[in-house]
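# Geometric and topological summary
This is what each chain is made of:
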Amino acid sequence: MSRIVVTGGAGRLGRSLVAGLVDAGHRVVSFDRETSTSAELTGADQVAIDLLDAPATEQALRAQRADAVIHLAAIAVPFSAPEDVIIRTNTALALSVLGGAAASGIRSIVAASSPTVLGYNAPGGWLPDRLPLDEDTPPRPWNAYALSKLVIEQTIGMLQRQTGDDVRLAAFRPCYVIAPEEWRGAPTQQGHTVRERLDDPALSAPALFNYVDARDVAHFVDALLADIGGIPNAETFFVGADDALARRPLADLLPQFVPGSDELAAGLTGTLPAFSNAKARRLLDWAPRHSWRTELADDDAPVAVSPSRRTEARKDVPV
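Notes on the structure follow. Being a predicted model, the structure only gives us computed values, none of them experimental.

Rules used in this analysis
Residues numbered from 1 in each chain as written. Predicted model: local features only at pLDDT ≥ 70, side-chain atom pairs only at ≥ 80, totals over all residues. Heavy atoms only, no water. Helix = DSSP H or I, 4+ residues; strand = E, 2+ residues; numbered from the N terminus. Rg over C-alpha atoms; globule rule 2.2 N^0.38 Å. Buried < 20%, exposed > 50% of the residue type's maximum accessible area, 1.4 Å probe, protein only. Contact = heavy atoms within 4.5 Å. Areas by Shrake-Rupley, 256 points an atom, 1.4 Å probe, with all protein chains shown as cover. Core = buried A, V, L, I, M, F, W, Y, C linked by side-chain atoms within 4.5 Å. Axes fitted to C-alpha atoms, helices over the stretch in contact; angles between N-to-C directions. Parallel < 35°, antiparallel > 145°, perpendicular 65-115°, else oblique. Left-handed = near helix turned anticlockwise from the far one by under 90°. Phe/Tyr/Trp six-rings, centres within 6.5 Å; stacked < 30°, edge-to-face > 60°. Lys NZ or Arg CZ within 6 Å of the ring centre and 35° of its normal. Pairing = 2+ DSSP bridges. Expected span 1.5 Å × (residues − 1). Polar contact = N/O pair within 3.5 Å; in protein donor to acceptor, adjacent residues only side chain to side chain.

Looking only at helices and strands, the protein chain features 13 helices and nine strands. Taken against the 2.2 N^0.38 rule, which gives 20 Å for 319 residues, the C-alpha radius of gyration of the protein chain at 19 Å falls within 12% of a compact globule. Each of the three principal axes of the protein chain carries a C-alpha extent, and together these read 50 × 40 × 40 Å. Relative to its 319 residues, the protein chain shows a buried fraction of 57%. Sequence separation of at least 24 residues holds for 74% of the intrachain contacts in the protein chain that already meet a minimum separation of 6. Carbon together with sulfur atoms contributes 51% to the accessible area of the protein chain, which is approximately 13200 Å² in total.

Before going further, it helps to examine the nonpolar core. Residues Ile70, Phe172, Phe220 and Leu254 are the most contacted members of the largest nonpolar core, which totals 56 residues. The biggest single contributor to this core is helix H8 (residues 214-227), with eight residues. Apart from the residues lying within four places of it in its own chain, the contact partners of Phe172 are Ile70, Leu72, Val110, Ala111, Ala112, Ser113, Ser114, Val217, Phe220, Val221, Phe237 and Val239. One finds Val5, Leu61, Ala66 and Ile106 within the second-largest nonpolar core, a separate group that totals 25 residues.

Moving on, we come to the packing of helix H2 (residues 54-64) against helix H3 (residues 83-103). Relative orientation and spacing of two packed helices are given, respectively, by the angle between their axes and the distance between those axes. Taken N-terminus to C-terminus, the directions of H2 and H3 make an angle of 45°; their axes are 8 Å apart at the nearest point. Looking at the two axes, H2 sits oblique to H3. The handedness of the crossing between H2 and H3 is right-handed. Contacts from Ala54, Thr57, Glu58, Leu61 and Arg62 of H2 reach H3 at Ser96, Val97, Gly100, Ala101 and Ala103.

By the definition in use, this model includes nine aromatic pairs. With 6.1 Å between their ring centres and 65° between their planes, Phe209 and Phe257 make a pair best called edge-to-face. Note that Phe209 is positioned in the loop between helix H7 (201-204) and strand E8 (212-213) and Phe257 in helix H9 (residues 250-257), a separation of 48 residues in sequence. Note on Phe209: relative accessible area 1%, which makes it buried. The rings of Tyr120, Trp126, Phe238 and Phe275 are connected pair by pair, giving a single aromatic cluster. Across the ring face of Phe238, the terminal group of Arg173 is positioned such that the distance to the ring centre comes to 5.0 Å. In this arrangement the basic side chain of Arg197 is found over the ring face of Tyr176, its NZ or CZ atom lying 3.9 Å from the centre.

Quick look at unusual backbone geometry now. In the segment running from Leu131 into Pro132, the intervening peptide bond is cis, with an omega of 5°. With respect to the element layout, Pro132 can be found in the loop between strand E5 (108-112) and helix H4 (144-163). One non-glycine residue, Leu208, lies in the positive phi region at around 55°. Within the element layout of this structure, Leu208 appears in the loop between H7 and E8.

Adjacent strands of a sheet form backbone hydrogen bonds with each other and so pair up, either parallel or antiparallel. In spatial order, the strands read E3-E2-E1-E4-E5-E6-E9; together these seven strands make up an open sheet with parallel pairing. Each having just a single partner strand, strand E3 (45-48) and strand E9 (235-239) make up the two edges of the open sheet. Each strand axis lies, on average, 20° off the axis of its neighbour in the sheet, ignoring direction. When strand E1 (residues 3-7) meets strand E4 (residues 68-71), the two strands line up parallel, connected through four bridges. Paired with Ile4 across the two strands is Ala68, which belongs to E4. With respect to the sheet, helix H1 (residues 12-23) is in contact with E1, strand E2 (27-32), E4 and strand E6 (168-174), its orientation differing from that of E1 by roughly 170°. Against the sheet, H8 engages E1, E4, E5, E6 and E9, with an angle of about 160° to E6.

To continue, consider H4. Across its 20 residues, H4 extends 28 Å between first and last C-alpha, which sits within 8% of the 28 Å expected from 1.5 Å per residue. For H4, the N-terminal cap is Asn143; the gap from its side-chain oxygen to the backbone nitrogen of Tyr145 is 3.2 Å. Gly164 sits one or two residues past H4 and shows a positive phi near 65°.

Below you can see the structure in the form of structure tokens.
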């Protein structure tokens, strides 16, 4: 059993992560701006704190005597705030939390990044060198959110260069997170239900049809912490489902939304996703346990998508 601090523990992903780590037998402390009455946090301690206050954050982390920190706290949606606010907030949070964790003697430090660092949906066009995408795909962020997430990954690298192997570090890029209640019809992060995203491919296309169940992220983090001392330091991982959030093969769908991707996407037949989770399988023996095909077991009747939803979808941005 480990003592783990999760920043942003009251958020969408944070709640499931906290609950999953508690269920795995860890003692968990959620650091967030306010405490929460969410049922997922009932098994954890909570600390209300302004994580932008670096000295206070370091002091609070030192007081916890934690074995690990999982940093989620951030402005979590692209373009949900002015670009300068997003870059300042997310990068300052990273330095405050990650630097404070290292300074306070915490030996395992993990930070959430995002697939958006790769730069898909760039207004000037985007094509990768190959599909599926993986951790060797060069990052090309085109907005402040994606850039802030790349800076978080670089902060992990910076701390590794400062501390050597005295501190074990890692970053992970969770695909489009679907929380348990969203399988039951609650709106997803972009305001649509999962069924709507399946019925209208334009809704999932901005995220390249990627997704991951929030509980699978908790399982990934548990596996990562168990093995973090035995894998190369400061690694980055994609964390995604084994299939795409689409009813048709991506070999057919991607060329409709990513101009020029016909040949690149030709191998994404059947249910194959655009993002590979092979590295997490290889290094951590982790595999996702959930799929929309099992979570929406009664997914036979299509859901009509209103014209207003279709118009809104074109404004969707990936996370």
